[in-house]
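A closer look at the structure
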Amino acid sequence: MLLNDFLEKDLVDIRHEPAKDWRDALRQSGAKLIEHQYIKKEYLDEIILNVEKNGPYIVIVPGVAMPHALAESTNVLGTAISFTKFPEPVVFDKDNPDSHAQLFFTLTAKDPDQHLKNISDLSDLLMTDGLIDKLLAVDSVADFKAIVDGMS
């Protein structure tokens, strides 16, 4: 199961300090991917540049962001998804309340097909009834693990 992968790969990050802004949130949401050598820090710069150019397209539903850039990026070293939860919503566009996110699923993949599969699998997972609300209530990795255990 996808959520269990986050735990097994040490890609769950529950933040207790708010992000300074959306750029800071994106950098923090990629920290575990850098730490475990799935990406270079420049991959996060690519994501930020994409949001600056295209707007907050990475906010897939209110409250949830799926940061990613191109699979063909030379700054991608491996395939993974990390989960980061912030204590309060991160504002991408102050004039658009639907562009706020508290849950960040940062994606990286070495090939386009795997990238699309990860987006699809994650989207399917997030359709699980009540899952987003449960994740919004998480305050620790133990809380996250309890959700995973409850879904097994």
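Residues numbered from 1 in each chain as written. Predicted model: local features only at pLDDT ≥ 70, side-chain atom pairs only at ≥ 80, totals over all residues. Heavy atoms only, no water.

Some thoughts on the packing of aromatic side chains
The full count for this structure, using the stated rule, is seven aromatic pairs. Taking 5.1 Å as the distance between ring centres and 50 degrees as the angle between the ring planes, the aromatic pair formed by phenylalanine 83 and phenylalanine 105 counts as tilted. On the criterion of sequence distance, the pair formed by phenylalanine 83 in strand E4 (residues 80–91) and phenylalanine 105 in strand E5 (residues 100–108) is long-range, its members being 22 residues apart. A relative accessible area of 0% means that phenylalanine 83 is categorised as buried. With a relative accessible area of 0%, phenylalanine 105 lands in the buried category. Taken together, the ring pairs in this structure connect Phe6, Phe83, Phe105 and Phe144 into an aromatic cluster. (Phe/Tyr/Trp six-rings, centres within 6.5 Å; stacked < 30°, edge-to-face > 60°. Helix = DSSP H or I, 4+ residues; strand = E, 2+ residues; numbered from the N terminus. Buried < 20%, exposed > 50% of the residue type's maximum accessible area, 1.4 Å probe, protein only.)

Regarding the pattern of salt bridges
With the rule as written, the count across this model stands at eight salt bridges. Glutamate 42 serves as the salt-bridge partner of lysine 41, at 3.8 Å between the closest nitrogen and oxygen. Ionic pairing is found between lysine 117 and aspartate 121, a salt bridge with its closest N-O pair at 2.6 Å. Of the two residues, lysine 117 and aspartate 121 both sit in helix H5 (residues 112–126), four residues apart, roughly one turn of that helix. The class for lysine 117 is partly exposed, based on a relative accessible area of 44%. (Salt bridge = Lys/Arg side-chain N within 4 Å of Asp/Glu carboxyl O.)

Quick word on the UniProt feature "domain: PTS EIIA type-2" (unreviewed entry) in the chain
When the UniProt feature table is mapped onto this chain, "domain: PTS EIIA type-2" (unreviewed entry) is found at residues 5–151. As annotated, residues 5–151 has a helix share of 43% and a strand share of 20%, and its two end C-alpha atoms lie 13 Å apart. (UniProt positions renumbered as here; feature names shortened; annotations may be inferred.)

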